[in-house]
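Topology and contacts: notes
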Amino acid sequence: MEFRAIRTLPRDDSVPSDLLAFQQRFATEKSCLAFLRRWRYPQGFVCPRCGSTTAWWIATRRVHECQGCRRQTSLTAGTVFHGTRKPLRTWFVAMFLFVSSKRGISALELSRQARISQPTAWTWLHKLRVAMEDRDQLPLEGLVEVDEAYIGGIEEGCGGRSRRKKALVAAAVELPKEPFGLGRVRLAQLDDASAVSLGDFVDSQVRKHAVVKTDGWCGYRDLESAGYRHVAVSMSRRAEPAHELFPGVHRVFSLLRRVLLGTYQGAVNRRHLQKYLGEFEFRFNRRRSASRGLLFQRLLSAAVVDRAIQYHELTQGTEKGWPVNRW
């Protein structure tokens with residue numbers, strides 16, 4: 001699993017942290033357009049065809065017209081807002097609700113608060129989740145707990161690490177030197193619990209020479225040779241329960257299940273599970289952030305630098321269109 005870095009843009013302290021002040025700050029479409037222009041072109045507009053930095057801004061069409069080659073470039077082209085017919089004010093409110101909710105927000109709740117249809121809310125949320133996957137990621141370091149668990153409803157007839165419908169999720173959690181609290185977390189959906197899958201997950205998320213603590217599963221046997229200081233704890237030889245031997249990852253898995261059941265009522269399709277895992281990471285790793293306005297800017301910076309996923313890509317191969325939410 002690879003994460004691409006995004007641009008580091010200067011923060012704007014004028015973005016409020018509460019919803020009422022946020023709506024007042026972006027009360028007009030003009031204010032939203034001006035803010036988006038600053039974030040899309042922090043160094044000024046550059047024509048993608050000829051490289052000219054001189055252009056006219058046509059506000060009625062939301063385009064820059066290059067003075068040299070006369071090419072017109074839409075402000076929202078190639079962003080999360082590409083092709084939208086909704087006002088940017090509605091988008092900004094939806095994004096603020098998305099980052100300000102500690103346990104996430106469902107499509108139904110977003111449709112009520114932003115006054116948009118539920119299919120539109122569902123599509124917007126997935127576009128924002130995909131945008132967050134392109135954020136900058138620094139590898140975990142220090143003492144890191146790694147474990148895997150199955151996410152899904154009750155399934156009878158299977159045991160051990162074999163499942164038909166449930167999804168296998170791996171987690172890596174930093175354990176700080178202090179006796180309480182957790183550091184950063186990384187989550188990924190895996191096809192299986194083999195040494196190749198688990199080794200690739202650890203290699204992509206944990207810095208070399210870090211101390212990696214796992215259980216005695218054979219899928220972690222190659223970590224030592226891969227350059228990590230591997231501490232394997234055999235569960236069958238210990239009297240303590242798993243949640244005491246591995247408090248970090250078990251706490252993360254518990255919180256993840258609460259979010260999926262409480263916020264989304266368990267209606268998460270396996271096909272889109274990785275997007276929800278990325279959203280959970282984003283919230284968990286920024287749980288101590290005191291500024292919701294800063295988180296809004298963090299999300300906006302990701303939303304303007306990459307091609308947005310389209311509706312047909314989200315629903316391709318499904319039978320009922322947008323509500324693809326059965327495991």
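Here the structure is shown first, and the text comes after it.
Notes on the structure follow. (Residues numbered from 1 in each chain as written. Predicted model: local features only at pLDDT ≥ 70, side-chain atom pairs only at ≥ 80, totals over all residues. Heavy atoms only, no water.)

**Quick word on the pattern of salt bridges**
Counted only if it meets this: The term salt bridge refers to a pairing of a side-chain nitrogen on Lys or Arg with a carboxyl oxygen on Asp or Glu at a separation within 4 Å. Only protein chains enter the calculation, and the probe is 1.4 Å; a residue is then buried if its accessible area is under 20% of its type maximum, exposed if over 50%, and partly exposed in between. Strands are runs of DSSP state E lasting at least two residues, helices are runs of H or I lasting at least four, and both sets are numbered from the N terminus onward.
Taken as a whole and judged by the stated rule, the model has 9 salt bridges. The partner of Arg 238 in a salt bridge is Glu 240, and the shortest N-O contact between them spans 3.2 Å. With relative accessibility at 38%, the residue Arg 238 sits in the partly exposed group. For Glu 240, a relative accessible area of 31% puts it in the partly exposed group. Among the salt bridges present, the one from Glu 279 reaches Arg 283, with a minimum N-O distance of 2.6 Å. Note that Glu 279 and Arg 283 are positioned in helix α9 (residues 273–285) at a spacing of 4 residues, about one turn of the helix. For Glu 279, a relative accessible area of 3% gives the class buried. Among the charged side chains, a network of salt bridges with common partners joins Arg 129, Glu 279 and Arg 283.

**Points about the packing of helix α8 (residues 247–262) against α9**
Heads up, the rule is: Only the stretch in contact is used when a helix axis is fitted, and all axes are lines through C-alpha atoms; the angle between N-to-C directions ranges over 0 to 180 degrees. In this scheme the handedness of a crossing depends on how the near helix is turned from the far one: anticlockwise by less than a right angle means left-handed, clockwise means right-handed. Two residues form a contact once any of their heavy atoms are found within 4.5 Å. For this classification, Asp, Glu, Lys and Arg are treated as charged, while Ala, Val, Leu, Ile, Met, Phe, Trp, Tyr, Cys and Pro are nonpolar and the rest, including Gly, are polar.
In contact at an axis separation of 11 Å, α8 and α9 are set at 115 degrees when each is read in the N-to-C sense. The crossing of α8 and α9 is right-handed. Contact residues: α8 offers Val 252, Leu 255, Leu 256, Val 259 and Leu 260, while α9 offers Leu 273, Tyr 276, Leu 277, Phe 280 and Phe 284. Taken together, the residues that form the contact of α8 with α9 break down as 10 nonpolar, no polar and no charged.

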